[in-house]
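Descriptive structure summary
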Amino acid sequence: KSSYNVQKLCIVADFGIWYTLIQVANQYRRHNRKNMYREEKRSWMKHIDFTLMDIISLQLAYIISYYIHTGKSFRVLPYADSYYLRLGLIIVMVDICIVFFFESYTGILRRNRIQELQAVVIHCTLIFGAILIYMWATKQSGIYSRQVVLVFWAAAIVIEYLFRCLLKIYVR
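**A short note on the overall build of the chain**
Each helix and strand counted, the chain has five helices and zero strands in total. Order of helices (α) and strands (β) in the chain, N terminus to C terminus: α-α-α-α-α. When each of the 172 residues of the chain is scored for burial, the buried share is 38%. In the chain, of all internal contacts separated by at least 6 residues, the share reaching a separation of at least 24 is 73%.

Spelled out as structure tokens, the structure:
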């Protein structure tokens, strides 16, 4: 009973953090609506809203893939297991590194739907590859289910593409 309450509290805290981050991004965008996408040519803060949306979509894909594998109800988060909690954090860090080093958002507002799908497939495949390298390098590939990782990759492509298209409609 108490672990259920702790998980409930974690869900509420996670929602509060994500909601706050999205509100900050919205205020930043409203304040700099005219110049946000023109003046800051090389700044990673330019597309903080897309970065937050990608992190949320990747975490959602990760949670869905965990539930498909375990068949548990949505009351139990994958973050209750320390290994899957670590993998969730690695996903966030890898996403931030890939966005920073590969400049995944270059021309994001000018892309059509096919170009966006191609960019999302490349982005999710880079994340998938980095996760595989992490698991191989740390000798943890036996801990994680292959089904979770593969379903995560497929679900991340679908969810991230949908979220990016919706955010692009909202931003434009």
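After that view, the rundown keeps rolling.
**Overview of the environment of Ala156**
Among the structural elements, Ala156 can be located in helix H5 (residues 146-171). Taking the C-alpha atoms as reference points, Ala156 and Ser65, 91 residues apart in sequence, are found 9.4 Å from one another. Not counting chain neighbours up to four residues away, the residues in contact with Ala156 comprise Leu58, Ala61, Cys124 and Tyr161.

**Here we look at the nonpolar core**
Tyr62, Ile91, Ile127, Ile131 and Phe152 are the most contacted members of the largest nonpolar core, which totals 31 residues. Contributions of two or more residues to this core are made by helix H2 (48-70), helix H3 (82-102), helix H4 (113-137) and H5. For this core, the element with the highest residue contribution is H5, accounting for nine residues. When near neighbours in sequence (up to four residues on either side) are disregarded, Phe152 contacts Leu58, Ala61, Tyr62, Ser65, Ile91, Ile127, Ile131 and Gln147. By size, the runner-up hydrophobic cluster in this structure holds six residues, among which are Phe50, Val99, Tyr105 and Ile108.

**Regarding the pattern of salt bridges**
Summed over the entire model, instances satisfying the criterion amount to five salt bridges. A salt bridge links Arg164 to Asp54; its shortest N-O distance comes to 2.9 Å. Remark: Asp54 occurs in helix H2 and Arg164 occurs in helix H5; sequence separation between them is 110 residues. In this pair, the class of Arg164 matches that of Asp54, namely buried. Ionic contacts of the salt-bridge type, sharing partners, join the residues Asp54, Arg111, Glu116, Glu160, Arg164 and Lys168 into one network.

**Remarks on empty space enclosed by the protein**
Inspection of every chain in the model, using the stated rule, returns one cavity of 30 Å³ or more. Considering only enclosed or pocket space, the largest cavity measures out at about 30 Å³ in volume. In terms of lining, the largest cavity is formed by Tyr62, Leu87, Ile91, Ile131, Val148, Val149 and Phe152. For the lining of the largest cavity, the secondary structure elements donating two or more residues are H3 and H5.

**Regarding H5**
Compared with an ideal rise of 1.5 Å per residue, which puts 26 residues at 38 Å, H5 spans 36 Å between its outermost C-alpha atoms and is within 8% of the ideal. Where H5 begins, the side chain of Ser145 points an oxygen toward the backbone nitrogen of Gln147, at a separation of 3.1 Å.

**Topic: a nonpolar patch on the surface**
A surface patch of nonpolar side chains, amounting to about 390 Å² of accessible area, comprises Phe100, Phe101 and Phe102. Note that Phe102 resides in helix H3.

**Brief notes about H4**
Given 3.6 residues per turn, any residue in an α-helix points the same way as the ones three and four places further on. Taking 1.5 Å per residue as the helical rise, H4 with its 25 residues ought to reach 36 Å, and the 36 Å between its terminal C-alpha atoms agrees with that figure. Listing the buried residues of H4 in full gives Glu116, Ala119, Val120, His123, Cys124, Ile127, Phe128, Ile131, Tyr134 and Met135. Capping the start of H4, Asn112 holds a side-chain oxygen 3.2 Å from the backbone nitrogen of Ile114, two or three residues further along. Remark: Lys139 follows H4 within two positions and exhibits a positive phi of approximately 55°.

Rules used throughout
Residues numbered from 1 in each chain as written. Predicted model: local features only at pLDDT ≥ 70, side-chain atom pairs only at ≥ 80, totals over all residues. Heavy atoms only, no water. Helix = DSSP H or I, 4+ residues; strand = E, 2+ residues; numbered from the N terminus. Buried < 20%, exposed > 50% of the residue type's maximum accessible area, 1.4 Å probe, protein only. Contact = heavy atoms within 4.5 Å. Core = buried A, V, L, I, M, F, W, Y, C linked by side-chain atoms within 4.5 Å. Salt bridge = Lys/Arg side-chain N within 4 Å of Asp/Glu carboxyl O. 1 Å grid on protein atoms, 1.4 Å probe; cavity = no way out; pocket = protein on both sides within 12 Å on 5 of 7 lines; lining within 4 Å. Points joined across faces, edges and corners; volume = space filled by probe spheres on them. Expected span 1.5 Å × (residues − 1). Polar contact = N/O pair within 3.5 Å; in protein donor to acceptor, adjacent residues only side chain to side chain. Patch = residues over 30% accessible without salt bridge, like charges linked within 9 Å, V, L, I, M, F, W, Y side chains within 5 Å. Areas by Shrake-Rupley, 256 points an atom, 1.4 Å probe, with all protein chains shown as cover.

Purely geometric stuff here, so don't read any function into it on its own.
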